Amino acid sequence: MKTKFLTAGLIAALMVPGAAAAQSRGEVRESRQDVREEQRELRQAQRYGDRSDVREERRDVREARQELREDKRDWRQDRRYSDYRAPFRYQQFRVGATLRSNYYAPAYRPSYDSRWGVPRAGRNLTYVRHYNDLLLVNARNGRVVKVYRNHFNWRR
């Protein structure tokens, strides 16, 4: 009986990132449709409406475009976190360890996001993602300054 629950749990855990990405993709598609619909309504208002109708429809188009931009940003963000794959196996780094340069290559340097709850990297420092860990690394010599273990697990 335990085996069935364990198997079902593993299957569900593997499906969650894909479902989240599909949901975001669907939101982007719906936002695109909303923009097209609002643009149609704006054209109608320009042909047959008065100034206040046109002004209102322009505002609606701006809001729909903003929503589309936000949905696209969220979709890219979700893809970036769910599709992460490292070319090397996991190693637990400690403060003071020195990384080889391929560990902190630009491909593993995520763009800073204030939602992470960590301070911005200072001068000559950079954040590096190593699996679910976030490392603050001195970009000049590769020394690890700070380690945030399992930092990216909050996304799941």
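Further up the page is the structure itself.
Counting restarts for each chain, with residues numbered from 1 along the sequence as it is written. Confidence filtering applies because this is a predicted model: local features only for residues at pLDDT of at least 70, side-chain atom pairs given and counted only at 80 or more, and all residues used for totals across whole chains, interfaces and linings. Note: side-chain values were computed over all heavy atoms of the structure, leaving out hydrogens and water.

We call a set of buried Ala, Val, Leu, Ile, Met, Phe, Trp, Tyr and Cys residues a nonpolar core when their side-chain atoms join them within 4.5 Å. Remark: exposure states derive from per-residue accessible area (1.4 Å probe, protein chains only) relative to the maximum for the residue type, with buried under 20%, exposed over 50%, and partly exposed in between. Membership of the largest hydrophobic core is limited to 10 residues, which are Phe 93, Leu 99, Tyr 103, Tyr 104, Tyr 108, Val 128, Leu 135, Val 137, Val 144 and Val 147. In this structure, Val 118, Tyr 127, Leu 134 and Phe 152 belong to the second largest nonpolar core, which totals seven residues.

So, on to the pattern of salt bridges. Side chains that carry opposite charge are capable of pairing whenever their charged atoms lie near each other. Think of a salt bridge as a Lys or Arg side-chain nitrogen and an Asp or Glu carboxyl oxygen that are within 4 Å of each other. On inspection of all chains with the given rule, the structure shows two salt bridges. The closest approach of N and O atoms between Arg 59 and Glu 63, which form a salt bridge, is 3.8 Å. With a gap of four residues between them, Arg 59 and Glu 63 both fall in helix 2 (residues 51-82), about one helical turn apart. Classification of Arg 59 by relative accessible area gives partly exposed; the value is 40%. Since its relative accessible area comes to 46%, Glu 63 is described here as partly exposed. We note a salt bridge from Arg 149 to Asp 133, for which the minimum N-O separation is 3.6 Å. Helix and strand assignments come from DSSP, with helices taken as H or I runs of at least 4 residues and strands as E runs of at least 2, each series counted from the N terminus.

Moving on to the sheet that holds strand 2 (residues 133-138). Note on pairing: DSSP must find at least two bridges between two strands before they are called paired. With respect to topology, three strands assemble into an open sheet ordered 1-2-3, the strand pairing being antiparallel. Each edge of the sheet is formed by a strand with only one pairing partner; in this case those strands are strand 1 (125-130) and strand 3 (144-148). Across the sheet, the axes of successive neighbouring strands diverge by a mean angle of 20 degrees, strand direction being ignored. In this sheet, strand 3 lies alongside strand 2 in antiparallel orientation, the contact comprising four bridges. For Leu 134, the partnering residue across the bridge sits in strand 3 and is Tyr 148. Axis definition: a line fitted to C-alpha atoms, limited for helices to the stretch in contact. Angles are taken between N-to-C directions and run from 0 to 180 degrees.

Just distances and angles here, no functional claims.
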